[in-house]
Amino acid sequence: MKRIKFLLAGVILISFIFTITSCNKKEEQQNVPQQKEQFSDKEKELKDKEDFLKIKEEQLRQWEERLKKIDSTMISQGKETQKTDTVKTVKDTVKTKTKKQKLEQKEKELNKRFDNPSTAVGDYLEFLQRGISDSKTFDANMKKASEVWEGRSADSFKKNYKNVKKFIITEPPSVVSKKGDNSSVKVKVKQTTVGADGKEVEKESTITYNLVADKSGKWRIKSNIVK
């Protein structure tokens, strides 16, 4: 009987030990996947961090390149602006110089006209010649001729020269006297006129023109003497 009891106790003990051993093995088997899973998660986390760092590094590189391009563009624009300003300054200088030269030339011409009243007489005679030689411009040139005079209308010139067929300057205008704003200019002309009977009459004359300068220095004829 005692032997049976010992045998049962041994069987129970062995069963208990086997059970405990089986449980431990199961726990170990369960722990292995968990550990593998934990290692896998760690590796994935590390890989994600590495990928994130790579992305940040690439973004930083692109940002630096954009900054370099912006700086390069700004420097280029600055140089271009400086170049444009330089060209503009040169153009303004040339324009100012040209304008000054034009004013000086205009002043010179006015002074020349003021100092040489014969120029006014020459212009006046040229208007007469143009109008007489070209009937189409007769009225316009008689008007211009009247503007060289003081207080003479264009109609008076049209009346005086409507029958003149030829007008030639045989001796150019020359200054006889000049004092202040007054001067006298002498010229010799030859003109051919058609008379009432239709015959042409040629006459040569010496004309002395008396001139006066206005406020702008422009000479105007105030009277003449025909000999």
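Our subject is the structure that appears above.
Residues numbered from 1 in each chain as written. Predicted model: local features only at pLDDT ≥ 70, side-chain atom pairs only at ≥ 80, totals over all residues. Heavy atoms only, no water.

(A) Highlighting the overall build of the chain. Across its full length, the chain holds 4 helices and 4 strands. Traced from its N-terminal end to its C-terminal end, the chain shows the element sequence α-α-α-α-β-β-β-β. Taken over 227 residues, the chain has a buried fraction of 17%. Counting only contacts in the chain whose residues sit at least 6 apart along the sequence, the fraction spanning at least 24 positions is 46%. Within the structure as shown, the chain displays about 18,100 Å² of accessible surface, and the carbon and sulfur contribution to it stands at 55%. (Helix = DSSP H or I, 4+ residues; strand = E, 2+ residues; numbered from the N terminus. Buried < 20%, exposed > 50% of the residue type's maximum accessible area, 1.4 Å probe, protein only. Contact = heavy atoms within 4.5 Å. Areas by Shrake-Rupley, 256 points an atom, 1.4 Å probe, with all protein chains shown as cover.)

(B) Highlighting helix α4 (residues 154–161). For α4, the full list of buried residues reads Ala154, Phe157 and Tyr161. Angularly, the buried residues of α4 cover 60 degrees about the axis, an arc narrow enough to put them on a single face. Of the exposed residues in α4, those oriented more than 90 degrees away from the buried face are Asp155 and Lys159. Those residues of α4 that are buried are in contact with α2 (118–133), α3 (138–147), β1 (164–179) and β2 (182–194). (Arc of directions from axis to C-beta.)

(C) Focus on the layout of surface pockets. Put simply, the largest pocket is a space of about 320 Å³. Lining the largest pocket are 17 residues, with Tyr161, Gln191, Ile207, Asn224 and Val226 sitting closest to its centre. Mapped by element, the contributors of at least two residues to the lining of the largest pocket are α4, β1, β2, β3 (200–213) and β4 (219–226). Here the element with the most residues in the lining of the largest pocket is β3; it accounts for 4 residues. In terms of residue class, the lining of the largest pocket is made up of 10 nonpolar, 5 polar and 2 charged. (1 Å grid on protein atoms, 1.4 Å probe; cavity = no way out; pocket = protein on both sides within 12 Å on 5 of 7 lines; lining within 4 Å. Points joined across faces, edges and corners; volume = space filled by probe spheres on them. Nonpolar A, V, L, I, M, F, W, Y, C, P; charged D, E, K, R; others polar.)

(D) Seen up close, the pattern of salt bridges. Inspection of the entire model under this criterion finds 7 salt bridges. For Glu58, the salt bridge identified is with Arg61, shortest N-O distance 2.4 Å. Of this pair, Glu58 and Arg61 both sit in helix α1 (residues 2–115), 3 residues apart, roughly one helical turn. Glu171 is the partner of Lys188 in a salt bridge, and the nearest nitrogen-oxygen pair spans 3.7 Å. In this pair, Lys188 sits in strand β2 while Glu171 sits in strand β1, placing the two residues 17 residues apart along the sequence. (Salt bridge = Lys/Arg side-chain N within 4 Å of Asp/Glu carboxyl O.)

(E) Focus on the packing of aromatic side chains. Across all of its chains, the model carries 7 aromatic pairs by this definition. Ring centres 5.9 Å apart and planes at 70 degrees place the aromatic pair Tyr124 and Phe157 in the edge-to-face group. Residue Tyr124 is found in helix α2, and its partner Phe157 is found in helix α4; the two are separated by 33 residues along the sequence. Of the two residues, Tyr124 and Phe157, both sit in the buried class. Taken together, a centroid distance of 6.4 Å and an interplanar angle of 80 degrees make the contact between Trp149 and Tyr209 edge-to-face. Here the residue Trp149 occupies a position in the loop between α3 and α4, and Tyr209 occupies one in strand β3, the gap between them amounting to 60 residues. There is no split in this pair, since Trp149 and Tyr209 are both buried. (Phe/Tyr/Trp six-rings, centres within 6.5 Å; stacked < 30°, edge-to-face > 60°.)

(F) Structural view of the nonpolar core. Within the largest apolar cluster, 25 residues are counted, with the highest numbers of intra-cluster contacts made by Tyr124, Leu125, Leu128, Phe157, Tyr161, Tyr209 and Leu211. Contributing elements (two or more residues each) for this core: α2, α3, α4, β1, β2, β3 and β4. It is α2 that contributes the most residues to this core, 7 residues altogether. (Core = buried A, V, L, I, M, F, W, Y, C linked by side-chain atoms within 4.5 Å.)

(G) Highlighting the packing of α2 against α3. Contact geometry for α2 and α3: axes closest at 8 Å, N-to-C directions at 165 degrees. Compared by their axis directions, α2 and α3 come out roughly antiparallel. Considering the relative orientation of α2 and α3, their crossing is left-handed. Between α2 and α3, the contacting residues are Tyr124, Phe127, Leu128, Arg130, Gly131 and Ile132 on the first element and Phe138, Asn141, Met142, Lys144 and Ala145 on the second. In terms of residue class, the contact of α2 with α3 is made up of 7 nonpolar, 2 polar and 2 charged. (Axes fitted to C-alpha atoms, helices over the stretch in contact; angles between N-to-C directions. Parallel < 35°, antiparallel > 145°, perpendicular 65-115°, else oblique. Left-handed = near helix turned anticlockwise from the far one by under 90°.)

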